[in-house]
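The lines below spell out each chain.
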Protein chains: 2
Amino acid sequence: MSSAENFDRAALEQLVTKRFFYAPSFQIYGGVAGLYDYGPTGCALLNNIISVWRNHFVLEEEMLEVDTSIMTTHDVLKTSGHVDKFADYMCKDLKNGEIFRADHVVEAVLEARLQGDKEARAAKAGKTAEQIAAEAAEDASKVDKKKKKKKGVVVAVELADDVRKAYEETLAQIDNYNGEELAAIMKKFDIRSPESGNELSEPKEFNLMFESSIGPTGHLKGYLRPETAQGQFLNFKKLLEFNNDKMPFASAQVGRSFRNEISPRSGLLRVREFTMAEIEHYVDPENKQHPKFADVKDVVLTLLPKDVQLGGKTETVDMTIGEAVEKKIVDNETLGYFMARIYLFLEKIGIKRDRLRFRQHMDNEMAHYACDCWDAEIKTSYGWIECVGCADRSAYDLTVHSKRTGEKLVVREQLPEPRTVELWQVEINKKTFGPKFKKDAKVVEETLNSLSEDKYAQLAKELETAGVGSIEVNGQTFEVTKDHITVKRGTVTEHVREYTPNVIEPSFGIGRILYSLLEHSWWVREDDEARNVLSFPPVVAPFKCCVLPLSGNAVFEPFVRKFSRELRQAGISTRTDDSKASIGRRYARNDELGIPYAITIDFDTVKDNTITLRERDSTKQIRDTFENILKILRDA
Amino acid sequence: MSSAENFDRAALEQLVTKRFFYAPSFQIYGGVAGLYDYGPTGCALLNNIISVWRNHFVLEEEMLEVDTSIMTTHDVLKTSGHVDKFADYMCKDLKNGEIFRADHVVEAVLEARLQGDKEARAAKAGKTAEQIAAEAAEDASKVDKKKKKKKGVVVAVELADDVRKAYEETLAQIDNYNGEELAAIMKKFDIRSPESGNELSEPKEFNLMFESSIGPTGHLKGYLRPETAQGQFLNFKKLLEFNNDKMPFASAQVGRSFRNEISPRSGLLRVREFTMAEIEHYVDPENKQHPKFADVKDVVLTLLPKDVQLGGKTETVDMTIGEAVEKKIVDNETLGYFMARIYLFLEKIGIKRDRLRFRQHMDNEMAHYACDCWDAEIKTSYGWIECVGCADRSAYDLTVHSKRTGEKLVVREQLPEPRTVELWQVEINKKTFGPKFKKDAKVVEETLNSLSEDKYAQLAKELETAGVGSIEVNGQTFEVTKDHITVKRGTVTEHVREYTPNVIEPSFGIGRILYSLLEHSWWVREDDEARNVLSFPPVVAPFKCCVLPLSGNAVFEPFVRKFSRELRQAGISTRTDDSKASIGRRYARNDELGIPYAITIDFDTVKDNTITLRERDSTKQIRDTFENILKILRDA
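Residues numbered from 1 in each chain as written. Chains lettered and ligands numbered in written order. Predicted model: local features only at pLDDT ≥ 70, side-chain atom pairs only at ≥ 80, totals over all residues. Heavy atoms only, no water.

- For chain A, the name recorded in an unreviewed UniProt entry is glycine--tRNA ligase, with Rhizopus azygosporus as its organism.
- The record held by UniProt for chain A lists under Subunit (unreviewed entry) the comment "Homodimer." (UniProt positions renumbered as here; feature names shortened; annotations may be inferred.)

As structure tokens, this is what we get:
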């Protein structure tokens, strides 16, 4: 197999196009960046990956799969935070209008300057061009790039030591800058277009959701969903009920999501429309153990924990997930359970374990509500690529939607026995309260009855010390005095525990996984003529068996029909290749399509019903009756 | 089973909600008309229908399945005609702003007036309210409504005979009016809002595509695709190549499409976002025979041909598809082949044959490019619903895309032996041509070399009679004289035949099929307590087997786990119901979910490994070992 270091990506891309795994959408119209069509091979591969995913996760765990709308209203995505925060910064070439992602352009320019510095120093030290190139390649493989960006032009210019250090520090934090900071950096380092050298505009925020309008009035704004998760959260109450109110449980969804990327590159790795598969596992925040954790605890994962990264290193450690959870490297059993299950899934479909790692998010990298997050990253010629995110989203989403809609999104659990708890309580002095707050009396009272325990404590203290306290109601501040209310501790007997579940979310980018699988599966046979092979495992191969009549002779036709039918009935997907090419050329085509088995029908078949079975990777052939070979294929 | 006539739709809708087959999207935010989420049962049903579809069509015929972008550029949909023609007319209540589809509101108001007339006449004749209602129901079942619209308020007012006749004639052609005609009708008949009685605005065209913008510039307009077909046509060249240039062949696609309906109603039948499955079968226009037609020729279909409809009737005829093609009722074998295959598919998933018919489009109803079109219509409580269209789209789409992009979308077929054909030929007089047309010489020459045969004939005639002819090049007209060119007939030897294939397109609305299936599968058990049953065939049932432990006793747990695992491994999807409800209540729940089999684990299971198997429709139970019952389920 090709390894990432000396990967001939152009050759793979040629194969991908030739065998129509995928191609730019609307190519005859010139195409549009970031939009791709899957051809018959790519589509079958995609469907098979999804089918394995569904068996591995949904059916195995009896998850509640849903299929929700792509078109989503403004309200929903405003609440989830996407309207305000799902954005990148862009800047424009002031002369030719070309648009760049601001962080990508800074990264590209600084990296090019650092590379130029290195080359200048190496030249001074008398190294050859080859040595420099080899060192550069090594550096590139060390750097963990999640994004591919437009490369800056490298000019061999030596940098002062402090400048070089400033560049390196900036690059180390490139994911964390906001617009103002990026603007300052661009000014400070005189960042210009790496294409034209022209000046760039100040970074401007660009929301990455595709916007549209629902219905004929033009007043109802909608967006194409950026993730499938929100549709699941919104149905939480119905799903819990469907699950007979039993916890924990998971919902799942496979479907299209959209991201209006500023300037998409890197083929399938950064696209504007993509298929995701997401699981939302709802769990008791006070008990994140998983009933089936014992089944996976001995699975060994390659981990890159956050403290290693904080030290500026990328050394991974191999460890059982049992140990990782025990040592608190992974926060809890449920998160660990899913990491192991993700690993088993990726291995099943053909991702190589030595090019797969789990990288923990650093604290500044996580969404503010997440409490732990690990990405399954797969190594490709583009570097380590985030293909599956596995985050503990805490109770964030259910809480914000509940708050916004007034719908309770909680679990109510009958306590084994009633319990007495001490809580803050408010008593309202009706005589003074009503006259004081008049028309606002009702909402102020409601707010007073639903404060957090901390807020009650604060209010009690204010009343005690100053005799007057303040509360906020819908953005307005109201003052209350001892005359209006009393706040004190009291005991309450509870029969039911009510809580908002936390959510553990494994989220799969199917297109990225598919592309990585292409890289991991591809190799070139070193015989007389270099021939491409895609060694997909049978379970995801676009077709499982190719049916080849020796020639166009009509005598083979009934056999082709009969065998194809019986293979299909046994659930083995087939492709008939009765073109006029030689058997050798058809086998080669077969290898390029990644079909694991081929059966050949020849004149002996007509005589004695035997056929030849060829295995793709070994090219070994055996001859037997169709019935026996069908049995082999069925068990393969 | 409930029949369409006395169908209790409210009861079914209650069941659909209770068992979460589907529900309005963003319901906790108030929902949006025409957008629905499928819950676990609906989603599984949907996936299973798609899976049967894929096996029945794609795998069976080795169709080339693709998965193309939903976001589509303006250029593509301008060429396909959707930007200009994919529109409905809307009008607005001038006082309260409510928006209606113009044709629907005309229909609703006129039908209400006709109904009022009928009631007034009946009352005069002394009929009772019950008789009137019964007659109205009978009428409703006779009327073949493809759309459900807001009902007008019925007021018993008698109409003059000529008025009544004018209303009826208008209703008969309601699908064929353009905006101006609708405006005239609305004025003539004083059509007002059936809700408020207010005046309505003039009908205005409203394009039904959701519009958005691709990338950060705001200059690249995109639409959400209204059908999956265009993505297939655009890839025609790659697909033909993938198929080793062999004809005929088919591409296929399953995916989301969008339609920004003006005022969607009727649940899943008229929605803004829906899953389609479409096949584009490319065929030689001179030979529309189908190699497998013999396999289906004896399939009997219920047909409603266009000449019957032209006579104002709806009587169907049952006929084998072989006879229908032979008698030219159905245009050609390939169209007939797919109609039979569509029928077999619908029957397989549980659509009742006595509520399924194929209705031929009348000439004024078809797209202008189509040469024959049959809809598979399924009868529901909303009337006959178009669920599958099966059209011969001729060479329209490939031709327009080819013309617009300059990309040849043709089949080149080696002729068995060369043939001589007489064609128009142009000879250019280089001496005079260049000096005359100067910088335009090249494009004018190119145009002259690629005229249609008709255009050549015309040009030759013009030159002969007037000595001068004109041709159009990119919108500009050029004059050519006998001095510049000679146009004459000449013989050419052809080795290759080049043609644009015709397209036969079976197009499935999966949501409509799913809804119809719910209606056809639903019945109520008439025992002590009326209980709902959904009798889905096992092949599409959301889950195939329910696993029920007798109680929460821990002794049953290992059996639940073991049996569930083994069922899953045998490809039998399961749902465990270990809630505390009684077995009887859980069986009832099971029936409502449409799960065909249930196995119960009780204390005997612990002793001797036997279980009870219950069949949903008959409620019959047998007891046997798990292994034997697994065998039964596997074969079911």
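Re the state of the cysteines
Alright, step 1. Considering all chains together, one arrives at 0 disulfides over all chains under this definition.
Alright, step 2. Counting only cysteine sulfurs, Cys373(A) is the nearest neighbor of Cys390(A), a cysteine outside any disulfide, at a range of 7.4 Å. (Disulfide = S-S within 2.5 Å.)

A look at helix 2 (residues 40-59) of chain A
Alright, step 1. End to end, helix 2 of chain A covers 26 Å across 20 residues, agreeing with the expected 28 Å (1.5 Å per residue, within 8%).
Alright, step 2. Across the 20 residues of helix 2 of chain A, 15 count as buried, placing the element largely inside the fold. (Helix = DSSP H or I, 4+ residues; strand = E, 2+ residues; numbered from the N terminus. Expected span 1.5 Å × (residues − 1). Buried < 20%, exposed > 50% of the residue type's maximum accessible area, 1.4 Å probe, protein only.)

Quick notes on the packing of aromatic side chains
What characterises a pair of aromatic rings is the spacing of the ring centres plus the angle enclosed by the ring planes.
Alright, step 1. Taken as a whole and judged by the stated rule, the model has 42 aromatic pairs over all chains.
Alright, step 2. Between the aromatic rings of Tyr22(A) and Tyr38(A), the centroid separation amounts to 6.3 Å while the plane-to-plane angle is 70°, which identifies the pairing as edge-to-face. With Tyr22(A) in strand 1 (residues 22-24) and Tyr38(A) in strand 2 (residues 36-38), the pair connects residues that are 16 residues apart, well separated along the chain. Each member of the pair, Tyr22(A) together with Tyr38(A), is buried.
Alright, step 3. Note that Arg9(B) overlies the ring of Tyr382(B), its terminal NZ or CZ placed 3.5 Å from the centroid.
Alright, step 4. Over the face of the ring belonging to Phe437(B) we find Lys436(B), whose NZ or CZ atom lies 5.6 Å from the ring centre. (Phe/Tyr/Trp six-rings, centres within 6.5 Å; stacked < 30°, edge-to-face > 60°. Lys NZ or Arg CZ within 6 Å of the ring centre and 35° of its normal.)

Regarding the sheet that holds strand 27 (residues 610-615) of chain B
Residue and element names in this part refer to chain B.
Alright, step 1. Spatially, 25-24-26-27-28 is the arrangement adopted by the 5 strands of the open sheet, whose pairing is mixed. Of all the strands in the sheet, the pair left with one neighbour each is strand 25 (574-576) and strand 28 (621-625). Strand-to-strand twist across the sheet, computed as the mean angle between neighbouring axes with direction ignored, equals 25°.
Alright, step 2. Against the sheet, helix 21 (residues 583-593) makes contact with strand 24 (545-549), strand 25, strand 26 (597-601), strand 27 and strand 28, and its axis sits at roughly 165° relative to strand 24, the strand it touches most. (Pairing = 2+ DSSP bridges. Axes fitted to C-alpha atoms, helices over the stretch in contact; angles between N-to-C directions. Contact = heavy atoms within 4.5 Å.)

Brief notes about the interface of chain B and chain A
Alright, step 1. Between chain B and chain A, the residue contacts involve 79 residues of the former and 79 residues of the latter.
Alright, step 2. Carbon and sulfur atoms make up 59% of the surface buried where chain B meets chain A, a total of about 6,800 Å² over both sides.
Alright, step 3. It is Ile28(B), Tyr29(B) and Phe242(B) in chain B that bury the most area against chain A; as a group they hold 12% of the surface buried on that side.
Alright, step 4. On the surface where chain B and chain A come into contact, there are 6 salt bridges.
Alright, step 5. The interface formed by chain B and chain A contains 41 residue pairs in polar contact (both at pLDDT 80 or more).
Alright, step 6. At 8 residues, the largest contribution of residues to the side of chain B that touches chain A is made by helix 2 (residues 40-61) of chain B.
Alright, step 7. Residues that form the side of chain B that touches chain A fall into these classes: 33 nonpolar, 24 polar and 22 charged. (Buried area = accessible area lost by both parts, 1.4 Å probe. Salt bridge = Lys/Arg side-chain N within 4 Å of Asp/Glu carboxyl O. Polar contact = N/O pair within 3.5 Å; in protein donor to acceptor, adjacent residues only side chain to side chain. Nonpolar A, V, L, I, M, F, W, Y, C, P; charged D, E, K, R; others polar.)

Things to note about the sheet that holds strand 27 (residues 610-615) of chain A
All names here are of chain A.
Alright, step 1. The strand order 25-24-26-27-28 describes an open sheet built from 5 strands, whose pairing is mixed. The open sheet is flanked by strand 25 (574-576) and strand 28 (621-625), the only strands paired with a single partner. Taken over all neighbouring pairs, the strand axes of this sheet differ in orientation by 25° on average, direction set aside.
Alright, step 2. Examined bridge by bridge, strand 26 (residues 597-601) and strand 27 share 4 bridges and lie antiparallel to one another. Each residue of the ladder has a partner; that of Ile 599, found in strand 27, is Leu 613.
Alright, step 3. Packing against the sheet, helix 23 (residues 626-635) makes contact with strand 24 (545-549), strand 26, strand 27 and strand 28, and its axis sits at approximately 120° to strand 28.

Quick look at the pattern of salt bridges
All names here are of chain B.
Alright, step 1. Enumeration over the complete set of coordinates arrives at 106 salt bridges over all chains.
Alright, step 2. Where Lys 607 meets Asp 604, a salt bridge forms, and the shortest distance between an N and an O atom there is 3.5 Å. Separated by 3 residues within a single helix, Lys 607 and Asp 604 lie in helix 22 (residues 603-608), roughly one turn from each other.
Alright, step 3. Take Asp 604: its relative accessible area is 34%, and that puts it in the partly exposed class.
Alright, step 4. Residues participating in the shared-partner salt-bridge network are Asp 88, Arg 101, Asp 103, Arg 259, Glu 261 and Arg 270.

Thoughts on a nonpolar patch on the surface
Alright, step 1. Judged by side-chain polarity, Leu550(A), Val555(A), Phe603(A) and Val606(A) come together as a nonpolar surface patch covering roughly 280 Å² of accessible area.
Alright, step 2. Its place among the elements puts Val555(A) in the loop between strand 24 and helix 20 (557-569). (Patch = residues over 30% accessible without salt bridge, like charges linked within 9 Å, V, L, I, M, F, W, Y side chains within 5 Å. Areas by Shrake-Rupley, 256 points an atom, 1.4 Å probe, with all protein chains shown as cover.)

Some remarks on the side chain of Ser535(B)
Residues and elements named next belong to chain B.
Alright, step 1. Summarising the element assignment, Ser 535 is placed in the loop between strand 23 (531-534) and strand 24.
Alright, step 2. Take Ser 535: its relative accessible area is 10%, and that puts it in the buried class.
Alright, step 3. Here Asp 617 takes part through its side chain, which lies 2.7 Å from a polar atom of the side chain of Ser 535.

Re the nonpolar core
Alright, step 1. Core analysis: the largest hydrophobic core is formed by 76 residues, its most contacted members being Met71(A), Leu224(A), Phe236(A), Met71(B), Leu224(B) and Phe236(B).
Alright, step 2. Not counting residues up to four positions away in its chain, the partners in contact with Met71(A) are Ser212(A), Ile214(A), Gly222(A), Tyr223(A), Leu224(A), Phe26(B), Leu35(B), Phe210(B), Leu224(B), Phe258(B) and Glu273(B). (Core = buried A, V, L, I, M, F, W, Y, C linked by side-chain atoms within 4.5 Å.)

Points about the relation of the copies chain B and chain A
Alright, step 1. Of the two same-sequence chains, chain B is brought onto chain A (RMSD 0.5 Å, axial shift 0.1 Å) by a rotation of 179°. On this basis, the relationship between the two copies can be described by a two-fold rotation axis. It is Ser212(B) whose C-alpha, among those of chain B, lies nearest the rotation axis, at 2.7 Å. (Least-squares fit on C-alpha atoms with pLDDT ≥ 70 in both.)

As for unusual backbone geometry
Alright, step 1. For the bond from Met247(A) to Pro248(A), the omega torsion is -10°, close enough to zero to count as cis.
Alright, step 2. Among the structural elements, Pro248(A) can be located in the loop between helix 10 (236-242) and strand 10 (249-258).
Alright, step 3. Even without being glycine, Asn609(A) reaches a positive phi, approximately 65°.
Alright, step 4. Looking at where Asn609(A) falls in the secondary structure, it is placed in the loop between helix 22 (603-608) and strand 27.
Alright, step 5. Asn609(A) sits in the partly exposed class, given a relative accessible area of 24%.
Alright, step 6. Backbone geometry places Asp190(B), a non-glycine residue, at a positive phi of 50°.
Alright, step 7. Within the secondary structure layout, Asp190(B) lies in the loop between helix 8 (179-188) and strand 7 (204-207).

Focus: the pairing of strand 15 (residues 372-380) of chain B
All names here are of chain B.
Alright, step 1. The element strand 15 is extensively covered by neighbouring structure, given that 9 of its 9 residues are classed as buried.
Alright, step 2. The alternating pattern of strand 15 places Asp 372, Trp 374, Ala 376, Ile 378 and Thr 380 and Cys 373, Asp 375, Glu 377 and Lys 379 on opposite faces, both of which are buried.
Alright, step 3. Bridge count for strand 14 (residues 356-360) against strand 15 is 5 bridges, and the pairing is antiparallel. The residue bridging Gln 360 from the neighbouring strand is Trp 374, located in strand 15.
Alright, step 4. The pairing of strand 15 with strand 16 (residues 383-394) spans 9 bridges and is antiparallel. Residue pairing across strands places Asp 372 opposite Asp 392, the latter belonging to strand 16.
Alright, step 5. Hairpin remark: strand 15 followed by strand 16, antiparallel, with 2 residues in the connecting loop.

A look at the environment of Pro501(B)
Residues and elements named next belong to chain B.
Alright, step 1. Among the structural elements, Pro 501 can be located in the loop between strand 20 (485-499) and strand 21 (502-509).
Alright, step 2. You can call Pro 501 buried: its relative accessible area is 0%.
Alright, step 3. Expressed as a C-alpha distance, the spacing of Pro 501 and Leu 398, which sit 103 residues apart in the sequence, is 7.9 Å.
Alright, step 4. With residues up to four places along the chain from it excluded, the contact list for Pro 501 reads Phe 236, Met 247, Tyr 282, Val 283, Pro 285, Ser 394, Ala 395, Leu 398, Leu 409, Val 410 and Val 411.

Observations concerning helix 8 of chain B
Residue and element names in this part refer to chain B.
Alright, step 1. All of the buried residues along helix 8 are Gly 179, Leu 182, Ala 183, Ile 185 and Met 186. Summarising the axial view, the buried residues of helix 8 lie within an arc of 165°, below the 170-degree limit, and thus occupy one face. Facing away from the buried surface of helix 8 by more than 90 degrees, the exposed residues are Glu 180, Lys 187 and Lys 188.
Alright, step 2. Next to the buried residues of helix 8 lie strand 5 (87-92), helix 5 (102-124) and helix 7 (161-172).
Alright, step 3. A side-chain oxygen of the first residue of helix 8 lies 3.2 Å from the backbone nitrogen of Glu 180; this N-cap is Asn 178.
Alright, step 4. At the exit of helix 8 stands Asp 190, carrying a positive phi of roughly 50°. (Arc of directions from axis to C-beta.)

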